[in-house]
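What follows is each chain in one-letter form.
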Amino acid sequence: MTEGLTVTELAPKPAKPHLPDAQIVTSVKHWTDNLFSFRVTRPQSLRFRSGEFVMIGLMGDNGKPLLRAYSIASPNWDEELEFYSIKVPDGPLTSKLQHIKVGDEIILRPKPVGTLVHDALLPGKRVWFLATGTGLAPFASLMRDPETYEKYDQVIMMHTCRTADELEYGRQLVEELHNDELIGEMVAGKLRYYPTTTREETAQMGRITDNLTSGKVFDDLDLPRMNPAEDRAMVCGSLAFNVDVKAVLEGFGLREGANSEPLEYVVEKAFVGDGI
Ligand code: FAD
Ligand code: A2P
């Protein structure tokens, strides 16, 4: 059968070199033309606090790692790591990352950091998770962490996108949480999900800032107005959103905290570069 083949043709192909800090993609799901989520193997040594982010990426054309910050969307007890990603058409990383398939390798630097962690807030009665777009990712982690429900009587997830299809990842995640055998009981009656759209007619609409300042969300959920004695907040969205929502929270008397000085609210950018 091998007659006529040269030695070179018979020699085994050199194995593709492994990426540094490589993890293997275990699943990929595309939600819209601009959004997808994926899961990868978790480095055995990786410990993180739900809400933190890591640097992930692929090898660039120049042979150097092309890395970007990504919130870990899975909770800290999960055996795998989940990420929820934008697809920027000409984005250096996501123009390639959006094509990953099960079995592919990605680079993951196992050094988690971030401000959206329970330790950065003083104890309170309610916690508000305020997110636009992919800013949902850290809360996808925190909503699935039992510690969130041990620490607070009520957990309010406000997520706003332009259109309904962009809310779908979060909507399904919340639905699954309620149906989950283990955490479902913990979540029942505590997790209040308040998704809104701004550019497509849906049952609930409006910017998070507007629904807070008008008092609509408090009326809809039958909750008291936000106050520094009872309420805590975590914010993750575009820079413009973060700036505006901070002013709203300060208006309610909440002060910005940090890992080093826990107070009433904390903020993280969902991405860099929207002109502010
Ligand atoms: P880039 O050159 O990085 O970005 C190009 C442009 O695309 C940006 O200037 C901006 O205008 C826009 N853009 C980038 N990211 C987003 C986004 N997420 N939503 C809307 N517009 C965006 N991205 C995620 O998709 N999921 C995450 O969980 C996530 N977590 C992050 C956590 C932190 C702390 C930070 C700082 C950023 C995070 N990002 C996240 C953004 C991410 O780091 C990259 O910017 C994104 O993956 C695009 O990479 P890129 O190389 O394709 O384009
Ligand atoms: P809007 O449609 O009214 O701009 P984007 O896709 O531009 O990042 O926006 C995601 C969501 O965040 C949209 O629903 C958008 O509402 C909302 N948003 C954008 N900027 C702000 C802001 N400064 N304050 C409150 N919501 C904002």
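Note that this is a predicted model, so its numbers are computed, not measured.

A. Spotlight on the site of ligand 2. If you check the shell around ligand 2, you find 14 residues, and the closest are Thr132, Thr198, Arg207, Ala240 and Asp244. When residues of the shell around ligand 2 are traced back to their parent elements, those giving at least two are strand S8 (154–161), helix H7 (208–213) and helix H9 (239–251). When residues of the shell around ligand 2 are assigned to their parent elements, the largest contribution, three residues, is made by H9. Looking at the shell around ligand 2 residue by residue, the classes come out as four nonpolar, six polar and four charged.

B. Spatial organisation of the nonpolar core. Phe129, Leu130, Met157 and Met234 are the most contacted members of the largest nonpolar core, which has 61 residues in total. A total of five residues in this core trace back to one element, the largest contributor, which is strand S7 (residues 126–132). Excluding its chain neighbours within four sequence positions, the residues that come into contact with Met234 are Leu116, Val127, Phe129, Tyr265 and Val266.

C. Spotlight on H9. Over its 13 residues, H9 runs 18 Å from end to end, which matches the ideal 18 Å to within 8%, given 1.5 Å per residue. Three or more residues of H9 are buried, namely Phe241, Asn242, Val245 and Leu249. Along the long axis of H9, the arc covered by the buried residues comes to 95°, so they all point the same way. Away from the buried face of H9 by more than 90 degrees, exposed residues Ala240, Val243, Ala247 and Gly251 are located. Packed against the buried residues of H9 are S7, H7, strand S10 (231–237) and strand S11 (265–269). Remark: Gly253 follows H9 within two positions and exhibits a positive phi of approximately 95°.

D. Local environment of the site of ligand 1. Contacts to ligand 1 come from 24 residues, most closely from Gly91, Leu93, Thr94, Phe271 and Gly273. Contributing elements (two or more residues each) for the shell around ligand 1: strand S4 (65–71), strand S5 (80–86), helix H2 (94–97) and S11. Counting residues per element, the shell around ligand 1 draws most heavily on S4, at four residues. Residues that form the shell around ligand 1 fall into these classes: 12 nonpolar, eight polar and four charged.

E. How the structure looks around the pairing of S11. For S11, the tally of buried residues reaches four of five residues, placing the bulk of the element in the interior. Examined bridge by bridge, S10 and S11 share five bridges and lie parallel to one another. Counted as the bridge partner of Gly237 is Lys269 from S11. Between the parallel pair S10 and S11, the chain is carried across by H9, and the sense of this crossover is right-handed.

F. Main features of the sheet that holds S8. Overall, parallel pairing links the five strands, which are arranged S9-S8-S7-S10-S11 in an open sheet. Of all the strands in the sheet, the pair left with one neighbour each is strand S9 (191–197) and S11. Strand after strand, the sheet turns through a mean of 10° between neighbouring axes, direction not considered. Here six bridges tie S7 to S10, and the two strands are oriented parallel to one another. Bridge pairing links Arg126 to Asp231 in S10. Helix H5 (residues 168–179) contacts S8 and S9 of the sheet and is inclined by roughly 160° relative to S9.

G. View of the sheet that holds strand S3 (residues 53–59). Spatial strand order, S4-S3-S6-S1-S2-S5: six strands in an open sheet with antiparallel pairing. Whereas interior strands pair on both sides, the edge strands pair on one side only; in this sheet they are S4 and S5. With strand direction ignored, the average angle separating the axes of adjacent strands in the sheet is 40°. Bridge count between S3 and S4: seven bridges; the pairing is antiparallel. Each bridged residue has a counterpart across the sheet, and for Ile56 the counterpart in S4 is Arg68.

H. Up close: the domain arrangement of the protein chain. Domain parsing of the protein chain yields domain 1 (22–112) and domain 2 (118–269). Contact with domain 1, which involves 15 residues of that partner, is made by 13 residues of domain 2. Elements with a minimum of two residues in the side of domain 1 that touches domain 2: strand S2 (35–41) and S5. In terms of residue count, S5 provides more of the side of domain 1 that touches domain 2 than any other element does, three residues in total.

Cut-offs and rules
- Residues numbered from 1 in each chain as written.
- Chains lettered and ligands numbered in written order.
- Predicted model: local features only at pLDDT ≥ 70, side-chain atom pairs only at ≥ 80, totals over all residues.
- Near = placed C-beta within 6 Å.
- Helix = DSSP H or I, 4+ residues; strand = E, 2+ residues; numbered from the N terminus.
- Nonpolar A, V, L, I, M, F, W, Y, C, P; charged D, E, K, R; others polar.
- Core = buried A, V, L, I, M, F, W, Y, C linked by C-beta atoms within 7 Å.
- Buried ≥ 20, exposed ≤ 12 C-beta atoms within 10 Å, placed from the backbone.
- Contact = placed C-beta atoms within 7 Å.
- Expected span 1.5 Å × (residues − 1).
- Arc of directions from axis to C-beta.
- Pairing = 2+ DSSP bridges.
- Right-handed = clockwise from strand over helix to strand, strands pointing away.
- Axes fitted to C-alpha atoms, helices over the stretch in contact; angles between N-to-C directions.
- Domains from an automatic or database assignment.

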